[in-house]
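Results of the structural survey
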Amino acid sequence: MSFPELISKDSIQKRVRELAKEISNEFHGEEVVVVGVLKGSFIFCADLIREIDTPVILDFISVSSYEGTESTGELKINLDIKTDVTGKNVILVEDIVDTGLTISSLVERFKKSNPKSLKVASLLYKPARIQHKVDIDYLAFEIEDHFVIGYGLDFNGLYRELPYVGIYNGEV
Ligand code: IMP
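Residues numbered from 1 in each chain as written. Predicted model: local features only at pLDDT ≥ 70, side-chain atom pairs only at ≥ 80, totals over all residues. Heavy atoms only, no water.

**Digging into the sheet that holds strand β8 (residues 148-149)**
Strand order across the open sheet formed by 3 strands is β1-β9-β8, with antiparallel pairing between neighbours. Of all strands in the sheet, those bounded by a partner on one side alone are β1 (5-7) and β8. Pairing between β1 and strand β9 (residues 165-167): 2 bridges, direction antiparallel. Opposite Ile-7, over in β9, you have Val-165 as the bridge partner. (Pairing = 2+ DSSP bridges. Helix = DSSP H or I, 4+ residues; strand = E, 2+ residues; numbered from the N terminus.)

Set out below in C-alpha cells:
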C-alpha cells in the first residue's frame, strides 16, 4: 500500500541532522538523557541520537492515549523509564504533538524528578489540533491537520516502517 507523500525521506534526514546539531551545540559535551516516547518515536530517536555529538543515555517510556485515529483524552503509562533523571539534562522525544496531551502530561511528570534541564523534541506538530499548551524546543516539521503514517507513526499498528511521512487516506 502506498500513501501520498507529505515529507520525503531526504527532507526528514536533513531536518534530523539540523536538530541534532542544535542539540549538540546546546549541550556541547554534557551528557543528555534522551527519552523516546514509544512506539512512534523509535525511528526518529534512532536517527537523532546517531547524529548527536554529545554523550547520550537512551531510555524509553510507553504511553497510550489513542485508539484508531482519535485521542481518548487520558494518558496511561504502559512502561516507565529505568534511568534516574534527577539532576540530568533530559530531552523527551515525541513523534507528533497533536492535542498536546501526551507531551504536556509527560513534561509535568518529568518535572517532579527535578532534572537539571527538560527539553522537548518532536518530529511533527499539528497546530490545528492543539488543546494543551506545549513548548517544543526542537521541532522538525509543522504540518496541516492530516492523519499521518510512516517514519515510526502508525495507523492501528501498521505502516511504521515507511521511510517517508505519508497522509493516511484509508478507511478509519
Ligand atoms: P497527543 O497526546 O494528542 O498530542 O497525541 C500524541 C500521540 O498521538 C502521538 O504520540 C501519536 O502516537 C498519536 N498521533 C497523533 N496524531 C497522529 C497521526 O496523525 N498519526 C499517527 N499517530 C498520531
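**Quick word on helix α1 (residues 9-27)**
The end-to-end C-alpha distance of α1 is 27 Å, a good match for the 27 Å that 19 residues give at a rise of 1.5 Å each. All of the buried residues along α1 are Ile-12, Val-16, Leu-19, Ala-20, Ile-23, Ser-24 and Phe-27. Looking straight down α1, one finds that the buried residues subtend no more than 140° of arc, so they occupy a single side. Across α1 from its buried face, at more than 90 degrees, point the exposed residues Asp-10, Lys-21 and Asn-25. Positive phi shows up at Gly-29, right after α1, with a value of about 100°. (Expected span 1.5 Å × (residues − 1). Buried < 20%, exposed > 50% of the residue type's maximum accessible area, 1.4 Å probe, protein only. Arc of directions from axis to C-beta.)

**Regarding the packing of aromatic side chains**
Applying the stated rule across the entire model yields 6 aromatic pairs. On the basis of an interplanar angle of 70° and a centroid distance of 4.8 Å, the ring pair of Phe-3 and Tyr-159 is categorised as edge-to-face. With Phe-3 in the segment before β1 and Tyr-159 in the loop between β8 and β9, the pair connects residues that are 156 residues apart, well separated along the chain. Comparing Phe-3 with Tyr-159, the two get one shared label, buried. Judged by centre distance (6.2 Å) and plane angle (85°), the ring pair of Phe-147 and Phe-155 falls under edge-to-face. The structure contains a cluster of three or more aromatic residues connected by ring pairs, namely Phe-3, Phe-147, Phe-155, Tyr-159 and Tyr-168. (Phe/Tyr/Trp six-rings, centres within 6.5 Å; stacked < 30°, edge-to-face > 60°.)

**Focus on the site of the ligand**
Asp-95, Thr-99, Gly-100, Thr-102 and Val-148 are the nearest of the 17 residues found near the ligand. Between the ligand and the protein, one listed contact pairs an oxygen atom with a side-chain N or O atom of Thr-99 at 2.4 Å. Within the contact set of the ligand, an oxygen atom lies 2.8 Å away from a backbone nitrogen or oxygen of Gly-100. The fraction of the free accessible surface of the ligand (490 Å²) that becomes covered by protein chains is 92%. When residues of the shell around the ligand are traced back to their parent elements, those giving at least two are β3 (56-67), β5 (89-97) and α3 (101-111). Among the elements that make up the shell around the ligand, the one with the highest residue count is β5 (4 residues). A class-by-class count of the residues in the shell around the ligand yields 7 nonpolar, 5 polar and 5 charged. (Near = heavy atom within 4 Å. Polar contact = N/O pair within 3.5 Å; in protein donor to acceptor, adjacent residues only side chain to side chain. Areas by Shrake-Rupley, 256 points an atom, 1.4 Å probe, with all protein chains shown as cover. Nonpolar A, V, L, I, M, F, W, Y, C, P; charged D, E, K, R; others polar.)

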